[in-house]
Amino acid sequence: MNTTTLPTATADPTDLVAARAEALTRLPAHRLSVVVPMYNEIDNAKPLIDAVRAALAAYPQPWELIVVDDGSRDGTGRALQEHAATVGPHIRVLRLLRNFRQTAAMQAGIDAARGDVIVTMDGDLQNDPLDIPLLVAKLLNEPFDMVAGWRQNRQDGFALRKFPSMLANRLIRRVTDLKFQDLGCSLKAFRAPVLREVRLYGEMHRFIPAWLATVTSPARMAEVPVSHHARTAGESKYGISRTFRVLVDLLAVYFFLNFGARPGHFFGTVGLGVGALGTAILGYLGILKLLGESVGGRPLLTLGFFMVIAGLQFLCTGVLAELLIRIYYEGGHARQYHTMAQPALADADAWHERP
């Protein structure tokens with residue numbers, strides 16, 4: 001099977017240009033949707049659209065760009081719409097009614113995407129859209145369901161961006177057993193049918209590879225070096241506080257990866273353990289009582305009763321969780337965002353194709 005030789009992020013720029021040009025010649029038939037969530041990025045609105053247009057000007061397959069304005073308050077949505085109107089219908093602007101945060105905005109774009117391949121990237125122009133063909137070529141020419149970018153030469157501050165990211169990546173790798181070096185890079189390419197098997201909630205955009213591992217094998221995921229640029233306009237939406245959110249989200253990821261389809265096993269195991277320990281305590285006190293000792297005033301008696309009750313509660317919670325998870329899988333998925341009205345598009349309309 002053919003493979004693409006990818007340069008490292010620190011490779012000679014000439015090699016990088018050559019690899020990108022080669023990737024364009026090795027793309028099988030498909031339709032590409034590029035999804036970009038943006039929030040308060042008015043200075044990057046027009047440059048983002050222009051950068052994607054320039055990067056995909058020679059793209060040999062139909063493509064569309066979906067920019068999601070996540071309830072911006074600085075005029076980003078209006079600027080995107082005005083500039084998109086001058087370019088063509090293949091530039092689609094989806095405006096959320098309020099700020100639902102990056103995960104919901106990304107999911108909104110994924111839901112609106114019509115391509116066989118979906119590429120996600122940030123709207124701050126730190127990701128380079130010129131790398132899109134590299135990721136897509138590797139995705140489609142090899143048996144992968146996701147190809148993620150790896151910012152080897154990351155152009156961010158160390159204390160507030162690089163160091164927390166290093167810690168978070170190491171912790172996520174240990175918990176999820178995924179061997180990615182840069183889980184925080186938003187530049188990723190997916191096979192659309194696989195990506196649509198998962199739904200993103202909360203702040204889970206950081207854990208897309210982990211969620212995909214619930215529907216496909218980690219062996220069908222790859223990571224390739226990509227370019228990364230320093231932010232030249234606008235303000236970063238990330239800070240040290242995101243590290244704490246990652247820790248909370250990681251607990252949820254661990255639970256869903258291991259017990260998402262069988263929560264009764266988790267609560268049942270805990271319930272049986274706690275209940276068994278409480279029963280052992282009460283049994284021990286019962287033996288002492290039979291031997292003539294007074295146990296009514298012992299704190300251990302109260303502890304034993306509470307542990308038995310807690311064990312029963314965990315078991316009941318497990319049964320309820322099993323019922324809920326069956327309802328979830330058998331019913332539809334509720335959307336976690338609301339958008340402004342959008343004109344309906346036929347499946348064959350509003351694609352950019354080379355003349």
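So, here is what we can say about the structure in this document. (Residues numbered from 1 in each chain as written. Predicted model: local features only at pLDDT ≥ 70, side-chain atom pairs only at ≥ 80, totals over all residues. Heavy atoms only, no water.)

Here we have seven strands laid out as an open sheet, ordered 3-2-1-4-6-5-7, and mixed in their pairing. The two strands at the open ends of the sheet, each matched to only one other strand, are strand 3 (91-95) and strand 7 (221-225). Averaged over all pairs of adjacent strands, the angle between their axes in this sheet comes to 20°, without regard to strand direction. Where strand 5 (residues 146-150) and strand 7 come together, five bridges link them in parallel fashion. Among the inter-strand pairings, Gly149 is bridged to a residue of strand 7, identified as Val224. Its contacts with the sheet place helix 2 (residues 42-55) against strand 1 (32-38), strand 2 (63-69) and strand 3, and it is angled at close to 165° to strand 2. Set on the sheet, helix 5 (residues 132-141) makes contact with strand 1, strand 4 (117-120), strand 5, strand 6 (188-191) and strand 7; between it and strand 6 the angle comes to about 35°. (Pairing = 2+ DSSP bridges. Helix = DSSP H or I, 4+ residues; strand = E, 2+ residues; numbered from the N terminus. Axes fitted to C-alpha atoms, helices over the stretch in contact; angles between N-to-C directions. Contact = heavy atoms within 4.5 Å.)

Moving on, we get to unusual backbone geometry. With a phi angle near 50°, Asn40 is a residue other than glycine that sits in the positive phi range. For Asn40, the location among the structural elements is in the loop between strand 1 and helix 2. For Ala350, which is not glycine, the phi torsion reads 60° and is therefore positive. Along the chain, the position of Ala350 falls in the segment after helix 11 (299-330).

Think of a pair of aromatic rings as described by two things: how far the centres are apart, and how the planes are tilted against each other in angle. Counting across every chain of the model gives one aromatic pair. Measuring from ring centre to ring centre gives 5.1 Å for Phe266 and Phe267, while their planes differ by 80°; the resulting arrangement is edge-to-face. Among the residues examined, Phe267 registers a relative accessible area of 17% and is labelled buried. (Phe/Tyr/Trp six-rings, centres within 6.5 Å; stacked < 30°, edge-to-face > 60°. Buried < 20%, exposed > 50% of the residue type's maximum accessible area, 1.4 Å probe, protein only.)

That is the geometry; function is a separate question.
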